[in-house]
Structures are given as structure tokens and as C-alpha cells.
Amino acid sequence: MADVANGNSHDFASLLSSSERDYLIRNNGDHVKIDSLKGKKLGLYFSASWCGPCQRFTPILVEAYNELAPKGDFEIVFISADEDDESFKTYFSKMPWLAIPFSDSEIRNRLDELFKVQGIPCLVILDENGKASCESGVEIIREYGVEGYPFTPEKIKELKEQEESAKRDQSLRSILVFRSRDYVISPDGKKAPVSELEGKTVGLYFSLSSYKSCDDFIPKLAEVYEKLKAKREDFEVVLISLDDDEEAFQLSFRNMPWLAIPFKDKCCKKLVRYFELSTLPTLVVIGPDGKTLHSNVAEAIEEHGIQAYPFTPEKFAKLAEMEKAREAAQTLESVLVSGGQNFVIGKDGAKILVSDLVGKNILLYFSAHWCPPCRAFLPKLIKAYHEIKAKDDAFEVIFISSDGDQASFDKFFSEMPWLALPFGDERKASLNHKFKVQGIPMLVALGPTGRTITKEARMLVMLHGADAYPFTDEHLKEEGNIWSFYCEECDFDLHPKCALKEGEETNDDGKEGEKDEAKPGEGWDCDGETDLGK
């Protein structure tokens, strides 16, 4: 926003009033003179009821506003982008601050233009002199809440420096104690002093009850927790819930055997920022000395269970060696056989034993009919499949479906010329976990011994088709396919052999000899990836 950059100051009266109006309104219809804002810091809140992000941010801003209101030196003015007066009134009824009347569209539009508002929600902060000191009020409120007040760059710099200092001098108390609260709670509501946790290894469990991945992780963490307790290990877990609904928090927490930071405690948001949370579930491990041992051991617990304890670098080095040895010993049967489930199915539903596929190159195709990128990729994979099979019959593809019902599975599988895991097969979950399937379509290549060659086979098929087979680095190096010419303007990779075909000369002007050029957009498909639901 140019006004922030240029340091322009604004007189509140000339900024917010019109020739017929020298007041703002409250949601009860009361008029408040604009002159009463003199000497206050002002937040201009550009928002609208039809805007989803606005609807989610407004309650956060209300909470911050109510905390700051007793200071008496801060006010917010709502500048609506609603399309009708009724929508404005309904939305404004949830706000405890002031607003430009909806009827005054001229002033509302002028403010939009003056502060170059490109998107909403937007919160511009003006200081006591009317100088725009901050254009990113939404981001600051979300990240720091009232701690960011008065929402200036200087204040944010100060907070960041404090955080860096806190990390250098980190202790369990500095992490878990917040203002006057020096305790955590048990599922029955009892208070447990943070001091009783000092000297222990503590897992900070960031969770959201509505996330399926968190729901699935709780039993695994509980199993490890109970085993460590039975062995009298000095280990504790503290839940840091990101739930907005107290009932959801209580329903989830009451079935957990560990402790928690109280619901909606402001410390929770602080810790999300402090540990730079990027995924859920996350289990941060704090060592007996109060220092961070590991930023997230959730995956290690899912993979290794109690063997991951005590989550030290030495333990993870041993686990890495174990994993390396396990990968070296991997066979097709160790991947695809589980108990009595030792088969896949063909087009006619006939069972094909996994043992009959041993010695072949296998592609595991994670996909679903409801996924547009999967449907777009399927013709490319079918073409590559037929071309590879024509050269080497010791090759097969196995479809692993994420479809929601048998009919969708049957319809999609009917388009495919290869094999499949039966719909609803319990092996799908273990395969998703083993190959860390986060999005589809995904293509995993297994060699003749059953070892994993690459989990990026989809990209190789997209780039090279059947020429990528058998997907090994050695083959790709032999083919010269490891690098390409890249055009930044087109965002397109071009194989070296295609850039200038052998035997062709360039003209003096640097262009290739005359040939037909493809029209932009012809023959192109939009290929992406669909995240699997959490």
C-alpha cells in the first residue's frame, strides 16, 4: 500500500466524514462523533459477510478488540464490501466497534482506493497522528493477538527478538507457563503444576480433533505412552489443542491419558508460532534439560512405536540404520502380502498370487475416480504400459484405489488394462503409510527384487513416457534424461535432443529451419495432484 510506504498522514475527520455526515455508527444505531477519535490509534477493517476468510477472522479480531478496549486508546472502523444493507447489518451486528454507514458508498469506495485494498480481510493501522503504520494488521492479529499491539513494525521486531532470546534460554517453564497460569490440566480438570514436569522428557502434542490424521495417531501415541509409564520412564505428554469448539476439545481430551494446556489458552497460538508448526499431528519433544530434542516425532512413533524413545539424535541414527537395512531386505511379498491377503485381482476378478509377480518390475498406482488429476494422468499411463509390455512382459501395474465405494472402483478399474488391490483391502492403509502417500495420483516403482526404485515414477512417466522404464537412475543417465532445457517464460522443460534435432542447422537469426509450429494450448492437459483428505 502506497500510503504506508510514503508515510502519509491523514486527518480522521477528512478521511472518514462526508459533507452530510460527521459521525460513525454502532451496531445499535448510535452515532459517534468522528472528533472523538482524536489521539487514538485506528484500525480500518475492510471486510464483507460473503467473504469466508473474513468470517473466520472477525471473531479473532473481536477477541483482540475486547481485550484492548479498556485501554481507551484504540478503535476499529468497519468499511464494508457487502452488496446490500441487510447483509451489512447482519454482519455488523457481530462487531463491537464502529462503521462507516453502508449508505455512504462514496466514502467506502474512496477508502478502498486510497489504501489500495487488493483483497479482504484487510486491516490498516493508523497511529495517533493518522499515519498508516501497518498494512498487515490481519496477519499480525492472527499471529500475535494483542501481544502485537500497537501493531507497528517496531513492536513486531521486538517480539521476534524476544522469541529468539526465549529459544536461546529455553526451559520447560518458558514454554508452558503463561502469564499467571503455571499449571496444565488432567482430563478430570485437576491442575498439575508445570514444576512437576521439569526434569522429564515431555512431548508437546499439537492436535486438532477434526483432523482424521490426528484421530488415527492418538491410539498409537497412547500405546507408547502407556508402555513408557509401565516402565516408569520419566515421560509425559501435554496436549496443545487447536480446537475452536470447547465441546470438541472436551470430547477428544477426556479419552486421552495425558495432560493438556487449558482450552483456548493464548499460550497455544504462541507455541504454534514458536515451534513453526507446519503439519498435524506434531509431537515436539522437550528433553529433561528443557531444550528441544526433536521438532516432530509423530512419524517416528507411527513407524517405530516405543523403539523411537527417548527421541535422541543417537536413537534416530540407529532407527535410520534399521530402516536402511529393512529397505535392503524388502521384497515384493513383504510389501504386498499381509496375513492371508496374498493376492491381487485381474480384470475378471480372478485372484493372482503375489508370488507369481515376483521377479517383475512393478508400478503401484495410487489413484481414484473422483480425482481429476488421476483421470487426466490415466491415458498417459495406459499408453506407457502398453509400450513397456510390448518390450518386456516382466512388468505390471497394480491399482490401489482411494475410491469411496465399490461402484466407483469398478468403473475406474474397468478402464485399466492391469491388476488391482481389491476394493476396501486393508493392505491399502499400510501401503499408504509405507510410501507416505500424501496426494494422488502417485506412482511407486518396485524393481525385480521388490526393492523401491523411486516414488516419483509418475513424474518420470509424464516427462518420458515408456522411455523412463525401468525407472532407475542408471537408465535415465544412459538415456540422457537426467537434465533438460528450461524456459522460465513458458515454465516448460525441453529434452536436449528435442531442443535441436540431430543433423538440423540453425539459421543466422538463431531460429531453427522452417517447420510447422504447434499452436499454444493444443494437446495440453492440466495435470496436478489431489491431496488425500486428513
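Residues numbered from 1 in each chain as written. Predicted model: local features only at pLDDT ≥ 70, side-chain atom pairs only at ≥ 80, totals over all residues. Heavy atoms only, no water.

1. Structural notes on the overall build of the chain
Moving on, step 1. When its secondary structure is counted, the chain shows 20 helices and 25 strands.
Moving on, step 2. Taking the intrachain contacts of the chain between residues at least 6 apart in sequence as the baseline, contacts between residues at least 24 apart amount to 62%. (Helix = DSSP H or I, 4+ residues; strand = E, 2+ residues; numbered from the N terminus. Contact = heavy atoms within 4.5 Å.)

2. Some points on the nonpolar core
Moving on, step 1. By size, the foremost hydrophobic cluster in this structure holds 54 residues, and its most contacted members are Leu-176, Leu-204, Tyr-205, Val-238, Trp-258, Ile-261 and Phe-275.
Moving on, step 2. Per-element tally for this core: the top contributor is helix H9 (residues 212-230), with eight residues.
Moving on, step 3. Excluding its chain neighbours within four sequence positions, the residues that come into contact with Phe-275 are Ile-175, Leu-204, Phe-206, Val-284, Ile-286 and Thr-292.
Moving on, step 4. Within the second largest apolar cluster, 53 residues are counted, among which are Ala-368, Trp-418, Val-437 and Ala-468. (Core = buried A, V, L, I, M, F, W, Y, C linked by side-chain atoms within 4.5 Å. Buried < 20%, exposed > 50% of the residue type's maximum accessible area, 1.4 Å probe, protein only.)

3. Comments concerning unusual backbone geometry
Moving on, step 1. Along the chain, Leu-280 connects to Pro-281 via a cis peptide bond; the corresponding omega equals -5 degrees.
Moving on, step 2. A cis amide bond, omega 0 degrees, links Ile-440 with the succeeding residue Pro-441.
Moving on, step 3. On the secondary structure map, Pro-441 appears in the loop between strand E20 (439-440) and strand E21 (442-446).

4. What to know about helix H18 (residues 457-464)
Moving on, step 1. Of the positions making up H18, those classed as buried are Ala-457, Arg-458, Leu-460, Val-461 and His-464. Taken end-on, H18 shows its buried residues confined to a sector of 165 degrees, consistent with a single buried face.
Moving on, step 2. Phi for Gly-465, located one or two positions after H18, is positive at around 60 degrees. (Arc of directions from axis to C-beta.)

5. Structural notes on the packing of helix H3 (residues 52-68) against helix H6 (residues 137-144)
For any two helices packed against each other, one specifies the crossing angle of their axes together with the interaxial distance.
Moving on, step 1. Put simply, H3 and H6 touch, their axes get as near as 10 Å, and they point 65 degrees apart. Where H3 crosses over H6, the handedness of that crossing is left-handed. For the pair H3 and H6, the contacting residues are Pro-53, Phe-57, Ile-60, Leu-61 and Ala-64 in the first and Val-138, Ile-141 and Arg-142 in the second.
Moving on, step 2. Residues belonging to the contact of H3 with H6 are distributed by class as follows: seven nonpolar, no polar and one charged. (Axes fitted to C-alpha atoms, helices over the stretch in contact; angles between N-to-C directions. Left-handed = near helix turned anticlockwise from the far one by under 90°. Nonpolar A, V, L, I, M, F, W, Y, C, P; charged D, E, K, R; others polar.)

6. Section: the pairing of E21
Moving on, step 1. When you tally the buried positions in E21, you get five out of five residues, the bulk of the element.
Moving on, step 2. What you see with E21 is no split at all: Met-442, Val-444 and Leu-446 on one side and Leu-443 and Ala-445 on the other are buried throughout.
Moving on, step 3. Of the pairings in the sheet, the one linking strand E17 (residues 361-367) to E21 comprises five bridges and is antiparallel in character. When the sheet's bridge partners are listed, Tyr-365 is paired in E21 with Leu-443.
Moving on, step 4. Where E21 meets strand E22 (residues 452-454), two bridges bridge the pair, whose relative direction is antiparallel. Considered in E22, the bridge of Leu-446 is made with Thr-452.
Moving on, step 5. Linking two consecutive strands that pair antiparallel, namely E21 and E22, is a turn of five residues; a positive phi of about 95 degrees is found at Gly-450 within it. (Pairing = 2+ DSSP bridges.)

7. Let's talk about the packing of aromatic side chains
Moving on, step 1. All chains considered together, the criterion is met by 37 aromatic pairs.
Moving on, step 2. Judged by centre distance (5.6 Å) and plane angle (50 degrees), the rings of Tyr-205 and Phe-217 are tilted. Of the two residues, Tyr-205 is situated in strand E10 (residues 201-207) and Phe-217 in helix H9; the sequence distance between them amounts to twelve residues.
Moving on, step 3. By relative accessible area, Phe-217 is classed as buried at 0%.
Moving on, step 4. Pairing Phe-395 with Tyr-469 gives two aromatic rings, centres 5.2 Å apart and planes at 75 degrees, and the pair type is edge-to-face. Here the residue Phe-395 occupies a position in strand E18 (residues 395-401), and Tyr-469 occupies one in the loop between H18 and helix H19 (473-479), the gap between them amounting to 74 residues. As far as the burial class goes, Phe-395 and Tyr-469 line up, both buried.
Moving on, step 5. Each residue in the set Tyr-365, Phe-377, Tyr-385, Phe-395, Phe-399, Phe-409, Phe-412, Phe-413, Trp-418, Phe-423, Tyr-469 and Phe-471 is aromatic and connected to the rest through ring pairs, giving one cluster. (Phe/Tyr/Trp six-rings, centres within 6.5 Å; stacked < 30°, edge-to-face > 60°.)

8. Things to note about the environment of Gly-346
Moving on, step 1. Topologically, Gly-346 is positioned in the loop between strand E15 (343-345) and strand E16 (351-353).
Moving on, step 2. With 72 residues separating them along the chain, Gly-346 and Trp-418 place their C-alpha atoms 6.9 Å apart.
Moving on, step 3. When residues no more than four places from it in sequence are discounted, the contact partners of Gly-346 are Ile-352, Phe-413 and Leu-419.

9. Let's talk about the side chain of Thr-282
Moving on, step 1. Tracing the backbone through its elements, the reader meets Thr-282 in strand E13 (residues 282-286).
Moving on, step 2. A polar side-chain atom of Thr-282 sits 2.6 Å from the main-chain carbonyl oxygen of Thr-279.
Moving on, step 3. Looking at Thr-282, its side chain comes within polar contact range of the side chain of Asn-296, at 3.5 Å.
Moving on, step 4. Not counting residues within four places of it along the chain, the set of residues in contact with Thr-282 comprises Leu-204, Tyr-205, Phe-206, Leu-277, Ser-295 and Asn-296. (Polar contact = N/O pair within 3.5 Å; in protein donor to acceptor, adjacent residues only side chain to side chain.)

10. Observations regarding the pattern of salt bridges
Moving on, step 1. Enumeration over the complete set of coordinates arrives at 24 salt bridges.
Moving on, step 2. Close ionic contact of Lys-383 with Glu-387 constitutes a salt bridge, the shortest N to O distance being 2.7 Å. Here Lys-383 and its partner Glu-387 are both found in helix H15 (residues 372-391), four residues apart, which amounts to about one turn of the helix.
Moving on, step 3. On the basis of relative accessibility, which here comes to 53%, the residue Lys-383 falls in the exposed class.
Moving on, step 4. By relative accessible area, Glu-387 is classed as partly exposed at 35%.
Moving on, step 5. With a shortest N-O distance of 3.5 Å, Glu-396 and Lys-389 are connected by a salt bridge.
Moving on, step 6. One network of salt bridges, in which partners are shared, links Lys-41, Asp-73 and Glu-128. (Salt bridge = Lys/Arg side-chain N within 4 Å of Asp/Glu carboxyl O.)

11. Quick notes on the pairing of E17
Moving on, step 1. Judged by how many residues are buried, E17 sits mostly within the fold: seven of seven residues are covered.
Moving on, step 2. Relative to E18, E17 is paired through seven bridges, and the arrangement is parallel. When the sheet's bridge partners are listed, Tyr-365 is paired in E18 with Phe-399.
Moving on, step 3. Handedness of the E17-H15-E18 crossover: right-handed. (Right-handed = clockwise from strand over helix to strand, strands pointing away.)

12. Observations regarding the environment of Gly-465
Moving on, step 1. Summarising the element assignment, Gly-465 is placed in the loop between H18 and H19.
Moving on, step 2. Separated by 84 residues in sequence, Gly-465 and Leu-381 place their C-alpha atoms 7.7 Å apart.
Moving on, step 3. If sequence neighbours within four positions are ignored, Gly-465 has contacts with Ala-384 and Leu-460.

13. So, the packing of H6 against helix H7 (residues 153-168)
Moving on, step 1. For the pair H6 and H7, interaxial distance at closest approach is 12 Å and the crossing angle is 30 degrees. It follows from the interaxial angle that H6 and H7 lie roughly parallel. H7 is crossed by H6, and the crossing has left-handed handedness. Residues Ile-140, Glu-143 and Tyr-144 of H6 form the contact with H7, whose participating residues are Ile-156, Leu-159, Lys-160 and Glu-163.
Moving on, step 2. Broken down by class, the residue content of the contact of H6 with H7 amounts to four nonpolar, no polar and three charged. (Parallel < 35°, antiparallel > 145°, perpendicular 65-115°, else oblique.)

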